[in-house]
Amino acid sequence: MAEASSEKKSKPGFFQKIAKSFRDTKGEVKKIVWPTKSSIINNTIVVIVCCVIIGIFIWGLDALLSWLVQVLLRNA
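Each value, and the rule that gives it
- Residues numbered from 1 in each chain as written.
- Predicted model: local features only at pLDDT ≥ 70, side-chain atom pairs only at ≥ 80, totals over all residues.
- Heavy atoms only, no water.
- Helix = DSSP H or I, 4+ residues; strand = E, 2+ residues; numbered from the N terminus.
- Buried < 20%, exposed > 50% of the residue type's maximum accessible area, 1.4 Å probe, protein only.
- Areas by Shrake-Rupley, 256 points an atom, 1.4 Å probe, with all protein chains shown as cover.
- Patch = residues over 30% accessible without salt bridge, like charges linked within 9 Å, V, L, I, M, F, W, Y side chains within 5 Å.
- Salt bridge = Lys/Arg side-chain N within 4 Å of Asp/Glu carboxyl O.
- Phe/Tyr/Trp six-rings, centres within 6.5 Å; stacked < 30°, edge-to-face > 60°.
- pLDDT = per-residue confidence, 0-100.
- Disulfide = S-S within 2.5 Å.

1. With respect to the overall build of the chain
Scanning the chain from terminus to terminus reveals three helices and zero strands. Along the chain, helices (α) and strands (β) appear in the sequence α-α-α when read from the amino end. For the chain, the proportion of its 76 residues judged to be buried stands at 0%. Summed over its atoms, the accessible surface of the chain is roughly 7,500 Å², and 71% of this surface lies on carbon and sulfur atoms.

The structure is reproduced here in C-alpha coordinates:
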(Lines give C-alpha, C1' and ligand atoms only; values in the text may rest on other atoms or scores of the structure.)
Protein backbone atom coordinates (compact mmCIF):
# COMPACT_ATOMS: atom_id res chain seq x y z
CA MET A 1 0.00 0.00 0.00
CA ALA A 2 2.91 2.33 0.70
CA GLU A 3 4.21 1.78 -2.83
CA ALA A 4 0.89 2.81 -4.36
CA SER A 5 0.75 6.10 -2.41
CA SER A 6 4.37 6.98 -3.22
CA GLU A 7 3.78 6.10 -6.88
CA LYS A 8 0.75 8.35 -6.96
CA LYS A 9 2.73 11.25 -5.47
CA SER A 10 5.48 10.93 -8.08
CA LYS A 11 3.04 11.32 -10.97
CA PRO A 12 2.38 14.94 -11.90
CA GLY A 13 -1.15 16.16 -11.31
CA PHE A 14 -3.52 17.67 -13.81
CA PHE A 15 -2.60 21.29 -13.04
CA GLN A 16 1.11 20.44 -13.00
CA LYS A 17 0.75 19.00 -16.49
CA ILE A 18 -1.01 22.16 -17.67
CA ALA A 19 1.69 24.37 -16.11
CA LYS A 20 4.43 22.29 -17.77
CA SER A 21 2.63 22.56 -21.08
CA PHE A 22 2.53 26.36 -20.79
CA ARG A 23 6.23 26.48 -19.85
CA ASP A 24 7.12 24.30 -22.84
CA THR A 25 5.00 26.47 -25.13
CA LYS A 26 6.67 29.63 -23.84
CA GLY A 27 10.08 28.09 -24.52
CA GLU A 28 9.08 27.15 -28.07
CA VAL A 29 7.71 30.65 -28.78
CA LYS A 30 11.08 32.11 -27.81
CA LYS A 31 12.72 30.00 -30.55
CA ILE A 32 10.57 31.50 -33.33
CA VAL A 33 12.47 33.49 -35.93
CA TRP A 34 10.06 36.03 -37.42
CA PRO A 35 10.48 36.97 -41.08
CA THR A 36 11.68 40.42 -42.06
CA LYS A 37 9.46 42.91 -43.86
CA SER A 38 11.36 42.45 -47.13
CA SER A 39 11.01 38.67 -46.84
CA ILE A 40 7.26 38.99 -46.35
CA ILE A 41 6.94 41.31 -49.36
CA ASN A 42 9.05 38.98 -51.52
CA ASN A 43 7.04 35.92 -50.52
CA THR A 44 3.76 37.77 -51.14
CA ILE A 45 4.87 38.74 -54.64
CA VAL A 46 5.89 35.15 -55.39
CA VAL A 47 2.49 33.85 -54.24
CA ILE A 48 0.58 36.44 -56.29
CA VAL A 49 2.61 35.69 -59.43
CA CYS A 50 2.09 31.94 -58.98
CA CYS A 51 -1.66 32.45 -58.52
CA VAL A 52 -1.84 34.54 -61.69
CA ILE A 53 0.14 31.97 -63.71
CA ILE A 54 -1.98 29.07 -62.45
CA GLY A 55 -5.16 31.11 -63.09
CA ILE A 56 -4.11 31.79 -66.69
CA PHE A 57 -3.28 28.10 -67.16
CA ILE A 58 -6.67 26.99 -65.79
CA TRP A 59 -8.47 29.62 -67.90
CA GLY A 60 -6.69 28.40 -71.04
CA LEU A 61 -7.38 24.75 -70.25
CA ASP A 62 -11.05 25.57 -69.61
CA ALA A 63 -11.32 27.46 -72.92
CA LEU A 64 -9.64 24.59 -74.80
CA LEU A 65 -11.85 21.92 -73.23
CA SER A 66 -15.00 24.02 -73.81
CA TRP A 67 -14.10 24.41 -77.48
CA LEU A 68 -13.41 20.66 -77.72
CA VAL A 69 -16.79 19.79 -76.17
CA GLN A 70 -18.57 22.19 -78.57
CA VAL A 71 -16.80 20.61 -81.56
CA LEU A 72 -17.70 17.11 -80.40
CA LEU A 73 -21.35 18.03 -79.78
CA ARG A 74 -21.73 19.66 -83.22
CA ASN A 75 -20.43 16.54 -84.91
CA ALA A 76 -22.52 14.12 -82.87
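2. Quick notes on a nonpolar patch on the surface
Residues Ile-54, Phe-57, Ile-58, Leu-61, Leu-64, Leu-65, Trp-67, Leu-68 and Leu-72 make up a contiguous nonpolar surface patch of about 930 Å² in total accessible area. By the secondary structure assignment, Ile-54 is in helix α3 (residues 37-75).

3. Some points on the pattern of salt bridges
Under the definition given, this model contains two salt bridges. Note that Lys-31 is salt-bridged to Glu-28, the shortest N-O span being 3.2 Å.

4. Quick notes on the packing of aromatic side chains
Scanning the model with the defined rule gives one aromatic pair in all. Measuring from centroid to centroid gives 5.3 Å for Phe-14 and Phe-15, while their planes differ by 75°, and the two rings are edge-to-face.

5. What to know about the confidence of the model for the chain
For the chain, per-residue confidence averages 89 on the pLDDT scale, and residues scoring 70 or more make up 87% of the total. By mean pLDDT, helix α1 (residues 2-10) is the weakest element of the chain at 58, and α3 is the strongest at 96.

6. Notes on the state of the cysteines
Note on terminology: a disulfide is the covalent bond linking the sulfur atoms of two cysteines. In total, this model carries zero disulfides according to the counting rule given. The structure places no disulfide on Cys-50, whose sulfur is separated from the nearest cysteine sulfur, that of Cys-51, by 7.1 Å.

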